[in-house]
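Chain by chain, the residues run as shown.
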Amino acid sequence: MPTTEENFMRAPAPTAKRTLYTDAMEIFHRAGDLIGLDKRIRLELEQPDYEHMFYVTVKLRDRLVPLSEEATKPFSDLPVTKVRDPAGLELLADGKIILNGRALLGSDVVIRSGHLRLPSGGVYQLVPGENERFKAYRVQHNQARGPYKGGIRYHREVSLDLFKALAAEMTWKTAIAEVPFGGAKGGIQLDPRQYGREELQAVTLRFMYKLKSLIGPNLDIPAPDVGTNSEIMALMYRQFTDGERERHKMRGIVTGKDVRIGGSEGRTKATGQGVVYCIEDYFSEKSESIRGKTFTLQGFGNVGSASAEILGSMGARLLAVNDADGTIYNGDGVDVPSLLAYVHENPKNLKRSVLGFPGAQTISKKDFWEVPADILLPAALGGEVTAEIAEKIKVKLIAEGANGPTTPEADRVLAKRGIDLIPDIICNAGGVTVSYYEWIQNKRMERWSEAEVNKKLEHAMKRNYRIIRDVARGTARKTEMHDSRPFCIGRPVDTRCAAMVLALKRIAAHYQLEGFSQ
Ligand code: NAD
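Calculation rules
Residues numbered from 1 in each chain as written. Predicted model: local features only at pLDDT ≥ 70, side-chain atom pairs only at ≥ 80, totals over all residues. Heavy atoms only, no water. Helix = DSSP H or I, 4+ residues; strand = E, 2+ residues; numbered from the N terminus. Rg over C-alpha atoms; globule rule 2.2 N^0.38 Å. Buried < 20%, exposed > 50% of the residue type's maximum accessible area, 1.4 Å probe, protein only. Lys, Arg positive; Asp, Glu negative; His and termini not counted. Charge placed at Lys NZ, Arg CZ, Asp CG, Glu CD. Near = heavy atom within 4 Å. Polar contact = N/O pair within 3.5 Å; in protein donor to acceptor, adjacent residues only side chain to side chain. Areas by Shrake-Rupley, 256 points an atom, 1.4 Å probe, with all protein chains shown as cover. Nonpolar A, V, L, I, M, F, W, Y, C, P; charged D, E, K, R; others polar. Domains from an automatic or database assignment. Salt bridge = Lys/Arg side-chain N within 4 Å of Asp/Glu carboxyl O. 1 Å grid on protein atoms, 1.4 Å probe; cavity = no way out; pocket = protein on both sides within 12 Å on 5 of 7 lines; lining within 4 Å. Points joined across faces, edges and corners; volume = space filled by probe spheres on them. Contact = heavy atoms within 4.5 Å. Buried area = accessible area lost by both parts, 1.4 Å probe.

K.L.:
Help me get a handle on the overall build of the protein, residues and values and all.
P.N.:
Broken down by element type, the protein carries 17 helices and 17 strands. Relative to its length of 518 residues, the protein is compact, with a C-alpha radius of gyration of 24 Å against a globular reference of 24 Å. A buried classification covers 53% of the 518 residues belonging to the protein. The protein carries 73 positive and 66 negative side-chain charges, and their two centres are separated by 3 Å.

This is how it looks when you write it as structure tokens:
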């Protein structure tokens, strides 16, 4: 029987250019080799069905850009400009101010060489709004099992390569979650924290205007991801359905909507809830519970904060949180409800960061990785857990809330060090699972309670996670909850590979039974 080391032998050919996509597909090829995946099916899955790249242009608002202390000196005698409508001044996370509506209209505006002083005392340069062009993407990876499905990301660092990797992950994830969808992903290259609310609305509407010919409630269904939320989904929904005769029938064009406009109860927390169901099942198999366990968390956005809230309510202790702006630590445990209020409800916390939280001390990102805990929960971006970090971490379990947080090299180190892993394609599948429930409710014009949603979600997550663990151990069995017999391959494999085996066997069945049209 091959050793764990041998399980990791397959790597991209040395001459092949290494990209995020080739890295992400390494596990696909490894699992494909193990199950003897048919060559034609492999080719169908090896590259996305469609890769769309396009631009959206939007006219930005006028901005006030703060001057440095030094640059302010020549304007020491500049009179204060009276603000007519303070609500029209929108402060951004980078200190710039967007001018909305009639904020500065009138005769009380004193501008000198393009500069003005606000009542706060600060001097700002007035920068007229220009037209800006943003690069947008939608990768549709595979639809063998159903309509393309995947999130919309607004982030500075996105690329076609990244969206290809994320879209493929969705193909595997929807198969593992057993929801009748394929995989897709897309978004826009922009940092949403640098744009005003109305600018983001304009970008989103324009994005959907261009996307409309590519997607549909039975064709490709977007959802929130990093940098987007239910507000963005509401705009996308409106733009897609505006003027349609039977627009209510198209509610399922996006998921992750607000419950008041056709969203599902439990969707906002679904990904975090799914992460916790997996962690709970992992410990219950060892006759242990979440109570008393410690965890560290990277990312305090949708997935990170929901996971922390639920784990905290179950008696786990959050020791450290790292996000895009810094890291906090409290060895006695961070008070999660206070941290949630500090990050998400404090209007002064424009960056929505954990940094500066009064109930913890600041530590470096380097130290964050070395905090000893039972669980590390990466819930931010991909590629964060590198081989170097994997050598240092002092945890027993990594639960991948984020997509692709662990590099292939780090996987090898974790296996060598005996650190357990709940792979992303099962761990964070709660989001797409409840997205499916939302889509079904929209189709049937129904509304399910949160208890009903979570009951179904718990069953789906634990059932499929148990199949994956059986495949990993090579112990085929049938219980009241699950049947792993069709998926086990007669030998043990690492958990990430086991998850991929499950995905590929479910996807391959479609090609095997339906055949190929000519
Ligand atoms: P989000 O935008 O709500 O939050 C992202 C968080 O990551 C923020 O706290 C941000 O500060 C932090 N972050 C960003 N860059 C960072 C960096 N360089 N270092 C440390 N922290 C950083 O996003 P989200 O929806 O919570 O998604 C987080 C992850 O979970 C992503 O990988 C996403 O693809 C994945 N995911 C999300 C969902 C969902 O339903 N939202 C579902 C499945 C998977």
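K.L.:
Hey, could you go over the site of the ligand for me, with residue numbers and the actual values?
P.N.:
The environment of the ligand is made up of 23 residues, and the closest members are Asp-225, Thr-271, Phe-300, Ala-380 and Asn-403. For the ligand, an oxygen atom lies 3.5 Å from a polar atom in the side chain of Arg-267. At a separation of 2.8 Å, an oxygen atom of the ligand approaches a polar side-chain atom of Asn-403. The fraction of the free accessible surface of the ligand (830 Å²) that becomes covered by protein chains is 86%. For the shell around the ligand, the elements supplying multiple residues, two or more each, are α9 (302-313) and β12 (317-323). Its residues assigned to classes, the shell around the ligand comprises 8 nonpolar, 10 polar and 5 charged. Counting the residues that make up the shell around the ligand, at least three belong to each of domain 1 (48-57 + 135-260) and domain 3 (270-427).

K.L.:
With reference to specific residues and values, describe the pattern of salt bridges.
P.N.:
According to the stated counting rule, one finds 43 salt bridges in the structure shown. With its nearest N and O atoms 3.0 Å apart, the salt bridge here joins Arg-477 to Asp-470. For Arg-477, a relative accessible area of 35% puts it in the partly exposed group. For Asp-470, a relative accessible area of 1% translates into the label buried. Look at the salt bridges and you will find they share partners, linking Asp-281, Glu-285, Arg-466, Arg-469 and Arg-473 into a network.

K.L.:
I'd like a rundown of empty space enclosed by the protein, residues and numbers included.
P.N.:
For the structure on display, the rule yields 1 cavity of 30 Å³ or more. In this structure, the largest cavity occupies an estimated 30 Å³ of space. In terms of lining, the largest cavity is formed by Thr-296, Phe-368, Trp-369, Val-371, Leu-376, Ile-393 and Val-395. When grouped by side-chain class, the residues that make up the lining of the largest cavity number 6 nonpolar, 1 polar and no charged.

K.L.:
Provide a residue-level description of the domain arrangement of the protein, including the pertinent values.
P.N.:
For the protein, the assigned domains are domain 1 (48-57 + 135-260), domain 2 (61-129) and domain 3 (270-427). Between domain 1 and domain 3, the C-alpha centre-to-centre distance is 27 Å. Between domain 1 and domain 3, the residue contacts involve 11 residues of the former and 8 residues of the latter. Summing both partners gives a buried area of about 830 Å² for domain 1 against domain 3, and 53% of it is carried by carbon and sulfur. Considering only the surface of domain 1 that becomes buried against domain 3, Glu-169, Ile-176 and Arg-193 emerge as the three largest contributors, covering 53% of it. The tally of links from domain 1 across to domain 3 stands at 1 salt bridge. There are 3 residue pairs in polar contact (both at pLDDT 80 or more) connecting domain 1 and domain 3. Of all elements in the fold, only β8 (148-155) and α5 (160-176) reach the threshold of two or more residues within the side of domain 1 that touches domain 3. Top contributing element to the side of domain 1 that touches domain 3 by residue count: α5, with 5 residues. Among the residues forming the side of domain 1 that touches domain 3, the class breakdown is 4 nonpolar, 1 polar and 6 charged.

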